[in-house]
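What the coordinates show
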Amino acid sequence: AALLVVCSYVVAENARALRETNFRFFEDLAAAAPLDSLILLAETTHRLWPDLFDASLRGVRRPDIARPGALALSLPTIKGKHGVALCLHKREACAVGPVTEEDMEWMRLFAEDNKAHERRMARVREEGGRGMARPRPSRSGC
């Protein structure tokens, strides 16, 4: 039976621990989820989407799972919310076309936003926490 997994407002808060394990939780989740499962992530930021997508891809491609699959990717917006959600649909490999160049461009922009955020946070730590203003919206328009 297919699953619907919703992760909302837990990823950014646990980003450090997720990075330390190379996002293994999401790799294992994608590996264990039955075909036709949906994984929906609604967060305060899109900056971690590339890492989560890569980990999930590793999961559906692992040789130790009984039925490897593929991921269909979509980046929906939620009415009344600022930002972009991440929706991954685990399907049979033959049922999923390649991820579009447009989707990959969004992932590149999200990764750039994350690097810029990490640089800002490093400066803030060096300054002893001063200047903790909220970052401006990303250049990606999300």
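See above for the structure.
Here the structure is a predicted model, which is why all the values come from computation and not from measurement.

1. Section: the overall build of the chain
In terms of regular secondary structure, the chain is built from four helices and four strands. What you see in the chain, going N to C, is helices and strands ordered as β-α-α-β-α-β-β-α. Considering the chain as a whole, with its 142 residues, one finds that 39% of them fall into the buried category. In the chain, of all internal contacts separated by at least 6 residues, the share reaching a separation of at least 24 is 71%.

2. Here's the deal with the environment of Leu40
Inspection of the secondary structure puts Leu40 in strand β2 (residues 38–42). Residue Leu40 is classed as partly exposed on the basis of its relative accessible area, which comes to 26%. Residues in contact with Leu40, not counting those within four places in the same chain, are Val5, Val6, Cys7, Ala85, Leu86 and Cys87.

3. Side note on the packing of aromatic side chains
For the coordinates displayed, the defined rule picks out two aromatic pairs. Taking the centre distance of 5.1 Å and the plane angle of 90° together, the rings of Phe25 and Phe26 count as edge-to-face. Classification of Phe25 as partly exposed rests on a relative accessible area of 49%. Its relative accessible area of 3% is what places Phe26 among the buried residues.

4. Re the sheet that holds strand β3 (residues 70–74)
As summarised here, the arrangement of the four strands in space is β1-β2-β4-β3, forming an open sheet in which the pairing is mixed. Either end of the sheet is taken by a strand with one partner, and the two such strands are β1 (4–8) and β3. For this sheet the average axis-to-axis angle between neighbouring strands, irrespective of direction, equals 15°. The pairing of β2 with strand β4 (residues 86–91) spans four bridges and is classified as antiparallel. Residue pairing across strands places Leu38 opposite His89, the latter belonging to β4. Packing of helix α2 (residues 24–32) onto the sheet brings it into contact with β1, β2 and β4, and relative to β2 it is tilted by some 150°.

5. Concerning unusual backbone geometry
For Phe23, which is not a glycine, the phi torsion comes out positive at approximately 60°. At Asp36, a residue that is not glycine, the phi angle is positive and equals roughly 75°. The residue Asp36 is located in the loop between α2 and β2 in this model. Judged by relative accessible area, which is 46%, Asp36 ranks as partly exposed.

6. Here we look at α2
For α2, the complete set of buried residues consists of Phe26, Glu27, Leu29, Ala30 and Ala31. Buried residues in α2 make contact with β1, α1 (15–20), β2, α3 (49–60) and β4.

Parameters at a glance
- Residues numbered from 1 in each chain as written.
- Predicted model: local features only at pLDDT ≥ 70, side-chain atom pairs only at ≥ 80, totals over all residues.
- Heavy atoms only, no water.
- Helix = DSSP H or I, 4+ residues; strand = E, 2+ residues; numbered from the N terminus.
- Buried < 20%, exposed > 50% of the residue type's maximum accessible area, 1.4 Å probe, protein only.
- Contact = heavy atoms within 4.5 Å.
- Phe/Tyr/Trp six-rings, centres within 6.5 Å; stacked < 30°, edge-to-face > 60°.
- Pairing = 2+ DSSP bridges.
- Axes fitted to C-alpha atoms, helices over the stretch in contact; angles between N-to-C directions.

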